[in-house]
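# Examining the three-dimensional arrangement
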Amino acid sequence: MSETYYVRTFGCQMNKHDSERVTGLLRSSGMTPGTTLDSADVVVFLTCCVRENADERLRGQVASLKSVKTARSGGQLIAVGGCIGQRDGERLLEQLPHVDVVFGTHNVAHLPALLEAARSARRPVVEVLDQAAEGFTSDLPAEREHPWHAWVPITVGCDNFCSYCIVPHVRGRERSRPLDSIVSETSALVAEGVLEITLLGQNVNSYGRDLYGEPRFAEVLRAVAATGIERIRFATSHPKDLSDATIEAMAELPAVARSLHLPAQSGSDRVLAAMNRRYTAADYVSLVDRLYAALPDLALSTDIIVGFPGETEEDFEATMALVERARYDQAFTFIYSPRVGTPAAELEDPTPREVVQERFDRLVARVQASALEKNRALVGTAQRVLFTGVSKRDASVLSGRTEGNKVVHVPLPAGSSAEEWRGRFAEVRIDEAQTWFLGGYTLEA
Ligand code: 5AD
Ligand code: SF4
């Protein structure tokens, strides 16, 4: 019987992309998917260290595998990769000595060889490379979660050094992938039947600065749209680098989904400066106005950090005002988490934990009200939906995503099966709006 694997992925979309590559690699080395963490022969963790809770969850889960590993007659191989692997390397083994392989963000391709080396040497193997060492993982085989969707990395690393963020310290400087490589991968994906791609980078808007001396993201959108791909998404956009040329390309190209993730982080100029974000709240609002003017049906999402060191009630109120003004469809809200090695971790923070929590709760309530308001405005409209499967709660209800990336539930049309709809676009009339999903019915059979 072949060996089984189980991959657990934390964190951002780049890890989701790498997770599909890890799965593809393990499959092509003859392994089959296992069903649980405990029962698999090989367990791979793709980790995140952007906030403390992801860091702790990883440690907890790996620690609890220790007894599983010793109880199994054939043992179990445990590999830890991603950002914690890249950041900690050898040090990880001091805390978790039963880990067999530690790898980083630049050597995913070596995983099968590292597993083999650990198995034959009967001792842990650590390989963490610095950023220059390897190309983009897109050259590796992928086992995609959905056959109609693919992640396409266009940059890796980050040059922005926001003062709270560990990413540039772990993932290194920004490097762009050559445009022809992005286009040829997308063309191959179209030929395989992929309908939707998500272009990935920590800051897609600065794409090309290292290669071409100036950002060329608008050109990427145009070139990728010309391959005939049905729908293009991208993440993430730093507000300081989102150009008018990009807004123009978004408005012009029907394949670009009317949805944008534009992290604001804060609405206070003082906090934004301390965060090293390099824009003011007024800059951000003016950008949002330009976006809605060019793309009136845009679905806008954001990231907000509450409780940055020294945040006052006035700073927080400025964030609440920005959230109100930007009319977000969705916001990912985070309580500030100090990360060793970042400048913000050195700052004094006099704000009591309960105050931060109370602000966080107020922010979440405002975000929910904003999301519901945006969804209500869609009632009565027709939306182009890509069906992804059935609702988790009810197999007679289809589930899909709008251009704005909103979940839509639609009763399965009589006489059809869910399988016929999965991976298909259809027009849906919206007749129900909730905070986190819409309801509707199909306008075509
Ligand atoms: N604490 C809290 N949130 C953070 N983020 C990044 N670093 C931290 C931190 N130290 C958030 C930012 C970023 C998102 C991916 O994670 O909002 O946009
Ligand atoms: Fe972190 Fe800022 Fe880079 Fe985003 S842009 S990855 S928040 S440093």
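Keep in mind that this is a model prediction, so the values were computed, not measured.

## Thoughts on the packing of aromatic side chains
Evaluated as defined, the whole model comprises six aromatic pairs. Seen in terms of ring centroids, Tyr279 and Tyr284 are 6.1 Å apart; in terms of plane orientation they differ by 35°. Their pairing is tilted. Pair check on accessibility: Tyr279 and Tyr284 agree, each one buried. Here the aromatic rings of Phe308 and Tyr336 are separated by 5.5 Å at their centres, their planes lie at 65°, and the arrangement is edge-to-face. In this pair, Phe308 sits in the loop between β13 (299-306) and α13 (313-326) while Tyr336 sits in the loop between β14 (330-335) and α14 (353-376), placing the two residues 28 residues apart along the sequence. With relative accessibility at 1%, the residue Phe308 sits in the buried group. Members of the aromatic cluster, each reached through a chain of ring pairs, are Tyr164, Phe308 and Tyr336.

## A short note on the pattern of salt bridges
Within the structure shown, the criterion is met by 34 salt bridges. Its salt-bridge partner being Glu230, residue Arg384 comes within 2.6 Å of it at the nearest N-O pair. Placement of Arg384 in strand β15 (residues 382-390) and of Glu230 in the loop between α9 (217-225) and β11 (231-235) is noted, with a sequence separation of 154 residues between them. Overall, Arg384 belongs to the partly exposed group, its relative accessible area being 26%. For Glu230, a relative accessible area of 35% corresponds to the partly exposed category. Between Lys374 and Asp329 there is a salt bridge whose closest N-O contact spans 2.7 Å. A residue pair is termed long-range when its members are at least 10 positions apart, and Lys374 in helix α14 and Asp329 in the loop between α13 and β14 qualify at 45 residues. Residue Asp329 is classed as buried on the basis of its relative accessible area, which comes to 9%.

## Focus: the site of ligand 2
Neighbouring ligand 2 are Cys158, Asn160, Phe161, Cys162, Tyr164, Cys165, Val167, Pro168, Gln202, His238 and Arg277. Its residues assigned to classes, the shell around ligand 2 shows seven nonpolar, three polar and one charged.

## A short note on the packing of helix α10 (residues 244-252) against helix α12 (residues 281-294)
Their axes nearest at 10 Å, the elements α10 and α12 cross at an angle of 25°. By the angle between their axes, α10 is roughly parallel relative to α12. Pair α10 / α12 crosses with right-handed handedness. Taking contact as the criterion, the partners of Asp244, Ile247 and Ala251 in α10 are, on α12, Leu287, Arg290, Leu291 and Ala294. When its residues are assigned to classes, the contact of α10 with α12 shows five nonpolar, no polar and two charged.

## Considerations on the sheet that holds β11
On the basis of which strands lie adjacent, the open sheet formed by three strands has the order β7-β10-β11 and parallel pairing. Both outer strands of the open sheet, β7 (149-153) and β11, are each paired with one neighbouring strand and no more. The sheet shows a mean angle of 25° between the axes of neighbouring strands, direction not considered. Bridging between strand β10 (residues 196-200) and β11 involves five bridges; their strand directions are parallel. Counted as the bridge partner of Leu199 is Phe234 from β11. Across the face of the sheet, helix α1 (residues 13-28) comes into contact with β7, β10 and β11 while running at roughly 110° to β7.

## Remarks on the environment of Gly104
With respect to the helices and strands, Gly104 occurs in the loop between β5 (101-103) and α5 (111-121). Its relative accessible area of 1% is what places Gly104 among the buried residues. Remark: the alpha-carbon pair of Gly104 and Glu127, spanning 23 residues in sequence, is separated by 7.0 Å. Ignoring anything within four residues of it in the chain, the contact list for Gly104 reads Gly82, Gly85, Gln86, Glu127 and Val128.

## Some words on the nonpolar core
Counting residues in hydrophobic clusters, the biggest one holds 55 residues, and the most contacted among them are Ile197, Leu199, Leu221 and Ile232. Sequence-distant contacts of Leu199, defined by excluding residues within four places in its chain, comprise Val152, Ile154, Ile182, Val204, Phe217, Val220, Leu221, Val224, Ile232, Arg233, Phe234 and Ala235. Judged by nonpolar contacts, the second largest core, of 23 residues, contains Leu37, Cys48, Val62 and Val170.

## Let's talk about the environment of Val50
Structurally, the position occupied by Val50 is in the loop between β3 (42-47) and α2 (52-71). Under the relative-accessibility criterion, Val50 is labelled partly exposed at 26%. For the pair Val50 and Ile84, spaced 34 residues apart in the sequence, the C-alpha separation amounts to 9.3 Å. Ignoring sequence-local partners within four residues, the contact set of Val50 consists of Ile166, Val167 and Arg339.

## Structural notes on the side chain of Arg231
Along the chain, Arg231 turns up in strand β11. Engagement of the side chain of Arg231 in a polar contact is seen with the backbone oxygen of Arg401, the distance being 3.5 Å. Dropping the residues within four chain positions of it, Arg231 is found in contact with Leu195, Glu196, Ile197, Ala255, Ala257, Arg384, Val385, Leu386, Arg401, Thr402, Glu403 and Phe425.

Calculation notes
- Residues numbered from 1 in each chain as written.
- Chains lettered and ligands numbered in written order.
- Predicted model: local features only at pLDDT ≥ 70, side-chain atom pairs only at ≥ 80, totals over all residues.
- Heavy atoms only, no water.
- Phe/Tyr/Trp six-rings, centres within 6.5 Å; stacked < 30°, edge-to-face > 60°.
- Buried < 20%, exposed > 50% of the residue type's maximum accessible area, 1.4 Å probe, protein only.
- Helix = DSSP H or I, 4+ residues; strand = E, 2+ residues; numbered from the N terminus.
- Salt bridge = Lys/Arg side-chain N within 4 Å of Asp/Glu carboxyl O.
- Near = heavy atom within 4 Å.
- Nonpolar A, V, L, I, M, F, W, Y, C, P; charged D, E, K, R; others polar.
- Axes fitted to C-alpha atoms, helices over the stretch in contact; angles between N-to-C directions.
- Parallel < 35°, antiparallel > 145°, perpendicular 65-115°, else oblique.
- Left-handed = near helix turned anticlockwise from the far one by under 90°.
- Contact = heavy atoms within 4.5 Å.
- Pairing = 2+ DSSP bridges.
- Core = buried A, V, L, I, M, F, W, Y, C linked by side-chain atoms within 4.5 Å.
- Polar contact = N/O pair within 3.5 Å; in protein donor to acceptor, adjacent residues only side chain to side chain.

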